[in-house]
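Each chain is listed here by its residues.
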Amino acid sequence: MMNSTRIDLLVGEHALRLSERLQAHRAQLFPPDSRKEMRKFTSGEAARLLGVKDAYLRKLHLDGKGPSPEIRTGGRRYYTTADIQNLRELLEAGAKSPGTYLPGRREGDHLQVITVINFKGGSGKTTTAAHLAQKMALDGYRVLGIDLDPQASFSALHGFQPEFDLLDGGTLYDAIRYENPVPLSQVIRRSYFTNLDIVPGNLDVMEFEHETPRALAERDGTLFFTRVGDALAEVEGDYDVVVIDCPPQLGFLTMSALSAATAVLVTVHPQMLDVMSMCQFLLMTSNLLGVVSEAGGSMSYDWMRYVITRYEPGDGPQNQMVSFMRSMFGEHVLNHTVLKSTAISDAGITKQTLYEIDKSQFTRTTYERAMESLNAVNGEIEGLIQAAWGRE
């Protein structure tokens, strides 16, 4: 007769074993006192980000204006993300039209809160959120990235290991819980990425799912769906854009994030099973948000878009799926797609995004195709943000 095993004990033992191995692996890659550091950008990359010619950056340097780049062999100049931001401020001061180099909010513009959602794993949700947050930061926007997914991949990409770094809390849960919430500013962490702050995630965020039914039962007048928005209101003056990586399920957390949102981005892998599961997801979302709306929740958005991720242009069935979605949803599908690329997945293995990793690690065409696709998608989203502020 087979010995019956208590599944809770077995899973607990596996988790412990895995955690120890991960800790050892992390200590090897990043010693305990190390922090992730951002690579430096070539003068050509810096010039492209700023929308100026490389020769102009060289002239600024020779004239002693702006930050001094690091000079490497062959006279190559390298800039940090902080240097690029300094250059933005310098160039903006002399710009003919305001916002040329610092394109963020102006007086009267509302904070843009973009929630990135999908119900099914593998849709590229976290990678899309991370690349969007980082590109907006590189483009001179003040960005807050919030990880609401208990799996915390967004946090890991930004150098936070939930099981080691957040032993005493430090997630959004601390700021939205029903008893003794802390100010949101206390859980915001500076990242190694200029202009990008992070609220990391871990399993703690699931506590909100467990506590909300009790709060609802007690009918003490607190509304669960306003809590994320209320927390963001405390720091709204510090940021232009908030990017929220939502959990892959439709719970109270996701609904509260959707109530706080000014825009929604749904990632879609263009395959029949994924689109079918998205259909179920949209039906449930609609029903639940209808309930929130009737209870007084705000449901007005600046925009909602589907972004096609992990797209393989040579795949016939995928192309059919993309055409099908475009015919169904029209302008709600972003024109550009995120290509499936070994460059993006390989970067992810070392917990990096394409904006962080050195391009010398890939063949040139692989890197450039992936980067072009990401920049096109993020550029389209940036256009939607600017339009929401009433600018072209």
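Whatever comes next refers back to the structure up there.
For clarity, every value in this text was computed on a predicted model and none was experimentally measured.

1. Topic: the environment of lysine 359
(1) Moving on: Among the secondary structure elements, lysine 359 is positioned in the loop between helix 14 (342–349) and helix 15 (364–388).
(2) Moving on: A sequence separation of 16 residues divides lysine 359 from alanine 343, and the C-alpha atoms of the two residues are 9.0 Å apart.

2. Here we look at empty space enclosed by the protein
(1) Moving on: Throughout the structure, instances matching the rule amount to two cavities of 30 Å³ or more.
(2) Moving on: The calculated volume of the second largest cavity comes to roughly 60 Å³.
(3) Moving on: Residue lining of the second largest cavity: Thr81, Ile84, Gln85, Arg88, Ala137, Leu138, Phe193, Thr194 and Asn195, and that is the complete set.
(4) Moving on: Broken down by secondary-structure element, the contributors of at least two residues to the lining of the second largest cavity are helix 4 (81–93) and helix 5 (125–138).
(5) Moving on: At four residues, the largest contribution of residues to the lining of the second largest cavity is made by helix 4.
(6) Moving on: Here the lining of the second largest cavity is composed, by residue class, of four nonpolar, four polar and one charged.

3. A look at unusual backbone geometry
(1) Moving on: One non-glycine residue, alanine 152, lies in the positive phi region at around 60°.
(2) Moving on: Secondary-structure assignment places alanine 152 in the loop between strand 5 (143–147) and helix 6 (153–157).
(3) Moving on: Given a relative accessible area of 2%, alanine 152 falls into the buried group.
(4) Moving on: Even without being a glycine, asparagine 195 presents a positive backbone phi close to 75°.
(5) Moving on: As for its placement among the helices and strands, asparagine 195 is situated in the loop between strand 6 (189–190) and strand 7 (196–199).

4. Quick look at the packing of aromatic side chains
(1) Moving on: Summed over all chains, the structure comprises seven aromatic pairs.
(2) Moving on: Taking 5.4 Å as the distance between ring centres and 85° as the angle between the ring planes, the aromatic pair formed by phenylalanine 224 and phenylalanine 225 counts as edge-to-face. For the pair phenylalanine 224 and phenylalanine 225, a shared accessibility class is recorded, and that class is buried.
(3) Moving on: Ring centres of phenylalanine 362 and tyrosine 367 lie 6.3 Å apart, and the angle between their planes is 20°; on these two criteria the pair is classed as stacked.
(4) Moving on: Here phenylalanine 362 falls in the buried class, since its relative accessible area comes to 13%.

5. Points about the packing of helix 5 against helix 15
(1) Moving on: Axis separation between helix 5 and helix 15 bottoms out at 10 Å; the angle between their running directions is 70°. Considered as vectors, helix 5 and helix 15 are oriented roughly perpendicular to each other. Classified by chirality, the crossing of helix 15 by helix 5 is right-handed. The residues of helix 15 that touch helix 5, namely those facing His131, Leu132, Lys135 and Met136, are Leu374, Asn375, Asn378, Ile381, Glu382 and Ile385.
(2) Moving on: Class assignment for the residues of the contact of helix 5 with helix 15 results in five nonpolar, three polar and two charged.

6. Observations concerning the sheet that holds strand 3 (residues 76–79)
Strand-to-strand pairing in sheets goes through backbone hydrogen bonds, with the strands running parallel or antiparallel.
(1) Moving on: In space, the three strands of this open sheet follow the order 1-3-2, with antiparallel pairing throughout. Here the strands that pair on one side only, and so sit at the sheet edges, are strand 1 (41–42) and strand 2 (70–72).
(2) Moving on: Inspection of the sheet shows strand 2 paired to strand 3 by three bridges, in the antiparallel sense. Bridging from a neighbouring strand, isoleucine 71 pairs with arginine 77 of strand 3.
(3) Moving on: The strands touched by helix 3 (residues 54–62) within the sheet are strand 2 and strand 3, with strand 3 carrying the most contacts at an inclination of about 85°.

7. Some points on the pairing of strand 5
(1) Moving on: In terms of residue burial, strand 5 counts as a mostly covered element, since five of its five residues are buried.
(2) Moving on: Side-chain alternation along strand 5 places Val143, Gly145 and Asp147 on one buried face and Leu144 and Ile146 on a second face that is also buried.
(3) Moving on: With four bridges joining them, strand 5 and strand 7 adopt parallel strand pairing. Residue pairing for strand 7: leucine 144 is matched across the bridge by aspartate 197.
(4) Moving on: Where strand 5 meets strand 8 (residues 241–245), five bridges bridge the pair, whose relative direction is parallel. Across the sheet, residue aspartate 147 finds its bridge partner in strand 8, namely aspartate 245.

8. Remarks on the pattern of salt bridges
(1) Moving on: Scanning the entire structure with this criterion turns up 14 salt bridges.
(2) Moving on: Arginine 72 serves as the salt-bridge partner of glutamate 70, at 3.0 Å between the closest nitrogen and oxygen.
(3) Moving on: Aspartate 240 serves as the salt-bridge partner of arginine 142, at 3.0 Å between the closest nitrogen and oxygen. With arginine 142 in the loop between helix 5 and strand 5 and aspartate 240 in the loop between helix 10 (227–233) and strand 8, this residue pair connects regions lying 98 residues apart in the sequence.
(4) Moving on: Exposure remark for aspartate 240: the relative accessible area of 3% places this residue in the buried category.
(5) Moving on: Sharing partners across several salt bridges, the network here consists of Lys40, Glu70 and Arg72.

About the criteria used
- Residues numbered from 1 in each chain as written.
- Predicted model: local features only at pLDDT ≥ 70, side-chain atom pairs only at ≥ 80, totals over all residues.
- Heavy atoms only, no water.
- Helix = DSSP H or I, 4+ residues; strand = E, 2+ residues; numbered from the N terminus.
- 1 Å grid on protein atoms, 1.4 Å probe; cavity = no way out; pocket = protein on both sides within 12 Å on 5 of 7 lines; lining within 4 Å.
- Points joined across faces, edges and corners; volume = space filled by probe spheres on them.
- Nonpolar A, V, L, I, M, F, W, Y, C, P; charged D, E, K, R; others polar.
- Buried < 20%, exposed > 50% of the residue type's maximum accessible area, 1.4 Å probe, protein only.
- Phe/Tyr/Trp six-rings, centres within 6.5 Å; stacked < 30°, edge-to-face > 60°.
- Axes fitted to C-alpha atoms, helices over the stretch in contact; angles between N-to-C directions.
- Parallel < 35°, antiparallel > 145°, perpendicular 65-115°, else oblique.
- Left-handed = near helix turned anticlockwise from the far one by under 90°.
- Contact = heavy atoms within 4.5 Å.
- Pairing = 2+ DSSP bridges.
- Salt bridge = Lys/Arg side-chain N within 4 Å of Asp/Glu carboxyl O.

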